[in-house]
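What the coordinates show
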Amino acid sequence: MRFIINEHSIEADVDVRTSLLDLLRDHLGLTGTKKGCNQGACGACTVLVDGERINSCLALAVQYQDREILTIEGLGTIGDLHPLQAAFIEYDGFQCGYCTPGQICSAVAMIGEIRRGLPSALTEDLALEQIGFSEDEIRERMSGNLCRCGAYNGIIEAIRATYA
Ligand code: FES
């Protein structure tokens, strides 16, 4: 099977019952994507597929051939962090860090969702608050990503600071 992961074309021979999460972690060594509940409840396994966020633990890898899959490894590197990754560090958006890759992937997708819903491409660079997105709405849209350490305030601050 052929997958497009972080802009690389990758061949992998996996069982049709393999989840996308297990493909990433166990077959391809992309362990930035985390396994929490493994049943669609925590969001730790969030990745982007064609710009939309999904829980990769619930997805069969075979269904995602030739789709654009983006994991935390594709967002930034240690020497070249994505702005949201840098903001999570600056605003203490984590404690243990286990949920962080999923949180960041989810937030990146959320911003895309919000901007795709806007009437004009001209609004692409406007801050979230300028387009009427309150902190409460951001919290609601991020509610599928749980943080057992309770670092929610830092997570929301990091998102708001990045897209302000
Ligand atoms: Fe997929 Fe929890 S590990 S939602």
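Residues numbered from 1 in each chain as written. Predicted model: local features only at pLDDT ≥ 70, side-chain atom pairs only at ≥ 80, totals over all residues.

A look at the pairing of strand 4 (residues 52-55)
With 4 bridges connecting them, strand 3 (residues 46-49) and strand 4 associate as antiparallel partners. Within the sheet, the bridge partner assigned to Thr 46 lies in strand 4 and is Asn 55. What sits between the antiparallel neighbours strand 3 and strand 4 is a turn of 2 residues, in which Asp 50 has the positive phi angle 50°. (Pairing = 2+ DSSP bridges. Helix = DSSP H or I, 4+ residues; strand = E, 2+ residues; numbered from the N terminus.)

Some remarks on the nonpolar core
Leu 84, Ile 104, Cys 105 and Val 108 are the most contacted members of the largest nonpolar core, which totals 39 residues. Elements represented by at least two residues in this core include exactly strand 1 (2-5), helix 1 (20-27), strand 3, strand 5 (68-70), helix 2 (72-75), helix 3 (83-90), helix 4 (100-116) and helix 6 (152-162). Sort the elements by how many residues they give to this core and helix 4 lands first, with 6 residues. Looking at this core, you find at least three residues from each of domain 1 (2-75) and domain 2 (83-162). The contact partners of Val 108, leaving out residues within four places of it in the chain, are Leu 48, Leu 75 and Leu 84. (Core = buried A, V, L, I, M, F, W, Y, C linked by C-beta atoms within 7 Å. Buried ≥ 20, exposed ≤ 12 C-beta atoms within 10 Å, placed from the backbone. Domains from an automatic or database assignment. Contact = placed C-beta atoms within 7 Å.)

A few points about the domain arrangement of the protein
The domain boundaries assigned to the protein delineate domain 1 (2-75) and domain 2 (83-162). Using C-alpha coordinates to define each centre, domain 1 is positioned 21 Å away from domain 2. A per-element tally of the side of domain 1 that touches domain 2 places strand 3 first, with 3 residues. Classifying every residue of the side of domain 1 that touches domain 2 gives 7 nonpolar, 5 polar and 3 charged. (Nonpolar A, V, L, I, M, F, W, Y, C, P; charged D, E, K, R; others polar.)

Section: the packing of helix 3 against helix 4
Two elements in contact, helix 3 and helix 4, have axes separated by 10 Å at closest approach and are oriented at 130°. Taken together, helix 3 and helix 4 sit at an angle that is classed as oblique. Crossing of helix 3 against helix 4: the hand is right-handed. In contact with Leu 84, Gln 85 and Phe 88 of helix 3, helix 4 contributes Thr 100, Ile 104, Ala 107 and Val 108. Of the residues in the contact of helix 3 with helix 4, the class split is 5 nonpolar, 2 polar and no charged. (Axes fitted to C-alpha atoms, helices over the stretch in contact; angles between N-to-C directions. Parallel < 35°, antiparallel > 145°, perpendicular 65-115°, else oblique. Left-handed = near helix turned anticlockwise from the far one by under 90°.)

Quick notes on the sheet that holds strand 1
Sheet architecture is open: 5 strands sit in the order 2-1-5-3-4, paired in mixed fashion. One side of each edge strand has no neighbouring strand; the edge strands of this open sheet are strand 2 (8-11) and strand 4. Averaged over neighbouring strand pairs, the angle between their axes works out to 40° when direction is ignored. When strand 1 meets strand 2, the two strands line up antiparallel, connected through 4 bridges. Along strand 2, the bridge assignment pairs Arg 2 with Glu 11. Against the sheet, helix 4 touches strand 3 and strand 4, its axis set at about 35° to strand 3.

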